[in-house]
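# Results of the structural survey
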Amino acid sequence: GDSVILTIDGGYTLARGADIDFILKADLSDSAALGNFVVRFEDSTFLAVQDKNLLTTAFVIVEGGDYPLSTVELSLQAAGLENSFSNYPNPFLPSHGEVTTIAYDLAEDARVDIEIFSITGQTVKQVVMNVFRDAGSHQSDTWSGHNDKGLKVVPGTYFCRITARYVSGREESFRRKIAVIR
């Protein structure tokens, strides 16, 4: 076929701060088309490396690596909310039915708020408010480019703010830009 899926029997968990060395080697047929090869590692840290010719968002930048990916050293660790908070695709095209997925990792169980604001600070959309989320990786919250009244927003730059109120009493809040295009 045109793809290979490699899986580990059962789960594999690394302790926080632990390192693992692995090698992934592939020999491609001389007749294989150039480009559009995807290597994806998916777990609670969500790492994806993709062909630069694809018109999709790349979620990881591998510093010091060559492209096409031939050899590179990776270091995986728990991302935490600040480093894992992202959205994809970004920019996105609500006029074509696209939604942007808001992804994040929680260090512990928390109540989560996700809100969208205009560049002037006005609330545009409350995606989720005071919703309980278990510790771990989350990629189920989306924004369709509509405001709280159900109307499409105008193209431009918006801010997405996530607030996590952890069961331990600790609170974190971060924001990032989201671009809406025609």
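Residues numbered from 1 in each chain as written. Predicted model: local features only at pLDDT ≥ 70, side-chain atom pairs only at ≥ 80, totals over all residues. Heavy atoms only, no water.

Applying the stated rule across the entire model yields two aromatic pairs. Relative to Tyr-158, the ring of Trp-143 has its centre 5.7 Å away and its plane inclined at 70 degrees; by these criteria the two rings are edge-to-face. Residue Trp-143 is located in strand β7 (residues 136-143), and its partner Tyr-158 is located in strand β8 (residues 156-166); the two are separated by 15 residues in the primary sequence. Residue class for Trp-143 comes out buried when judged on its relative accessible area of 1%. Relative accessible area serves as the criterion here: at 8%, Tyr-158 is assigned to the buried category. What links up through ring pairs into an aromatic cluster is the set Phe-92, Trp-143 and Tyr-158. Directly above the aromatic system of Phe-159 lies the positively charged group of Arg-175, at a separation of 4.7 Å from the ring centroid. (Phe/Tyr/Trp six-rings, centres within 6.5 Å; stacked < 30°, edge-to-face > 60°. Helix = DSSP H or I, 4+ residues; strand = E, 2+ residues; numbered from the N terminus. Buried < 20%, exposed > 50% of the residue type's maximum accessible area, 1.4 Å probe, protein only. Lys NZ or Arg CZ within 6 Å of the ring centre and 35° of its normal.)

On to the sheet that holds strand β3 (residues 86-88). A sheet is described by the order of its strands in space; here three strands give the open sequence β3-β4-β7, paired in antiparallel fashion. Edge positions in the sheet fall to β3 and β7, since each of these pairs with one other strand and no more. Put simply, the sheet's adjacent strands are angled 25 degrees from each other on average, direction ignored. Relative to β7, strand β4 (residues 100-106) runs antiparallel, the two being bridged by six bridges. Its bridge partner lying in β7, Ile-102 is registered against Asp-141. (Pairing = 2+ DSSP bridges. Axes fitted to C-alpha atoms, helices over the stretch in contact; angles between N-to-C directions.)

The next thing to look at is the confidence of the model for the protein chain. Summarising the model, the protein chain shows a mean pLDDT of 74, and 57% of its residues fall at 70 or more. Low pLDDT, under 50, characterises residues 42-78; the stretch is placed with 52 contacts to residues that sit more than four places away or in other chains. (pLDDT = per-residue confidence, 0-100. Contact = heavy atoms within 4.5 Å.)

Okay, unusual backbone geometry next. For the peptide bond that leads from Tyr-88 to Pro-89, omega is -5 degrees, which places it in the cis range. Here the phi dihedral of Asn-130 falls at roughly 55 degrees; this positive angle occurs in a residue that is not glycine. Within the fold, Asn-130 resides in strand β6 (residues 123-133).

Right, let's get into the pattern of salt bridges. Evaluation of the coordinates by the stated rule reveals six salt bridges. When the shortest N-O distance is used, the salt bridge between Glu-108 and Arg-170 registers 3.7 Å. Of this pair, Glu-108 sits in the loop between β4 and β5 (110-117) while Arg-170 sits in the loop between β8 and β9 (171-180), and the two are 62 residues apart along the sequence. In this structure, Lys-125 and Asp-148 form a salt bridge, with 3.9 Å as the shortest nitrogen-oxygen distance. With Lys-125 in strand β6 and Asp-148 in the loop between β7 and β8, this residue pair connects regions lying 23 residues apart in the sequence. The partly exposed category is assigned to Asp-148, whose relative accessible area is 42%. Within this structure, Glu-108, Arg-170 and Glu-172 form a network of salt bridges that share partners. (Salt bridge = Lys/Arg side-chain N within 4 Å of Asp/Glu carboxyl O.)

Turning to its location among the elements, Glu-115 is positioned in strand β5. In terms of polar contacts, Glu-115 uses its side chain to reach the side chain of Arg-161, at 2.7 Å. What Glu-115 contacts, discounting residues up to four positions off in sequence, is Lys-125, Gln-126, Met-129, Phe-159, Cys-160 and Arg-161. (Polar contact = N/O pair within 3.5 Å; in protein donor to acceptor, adjacent residues only side chain to side chain.)

So, about the side chain of Ser-118. Inspection of the secondary structure assignment puts Ser-118 in the loop between β5 and β6. On the basis of relative accessible area, Ser-118 is assigned to the buried category, the value being 14%. Reaching out from Ser-118, the side chain makes a polar contact with the side chain of Thr-120 at a distance of 2.8 Å. Dropping the residues within four chain positions of it, Ser-118 is found in contact with Val-124, Tyr-158 and Phe-159.

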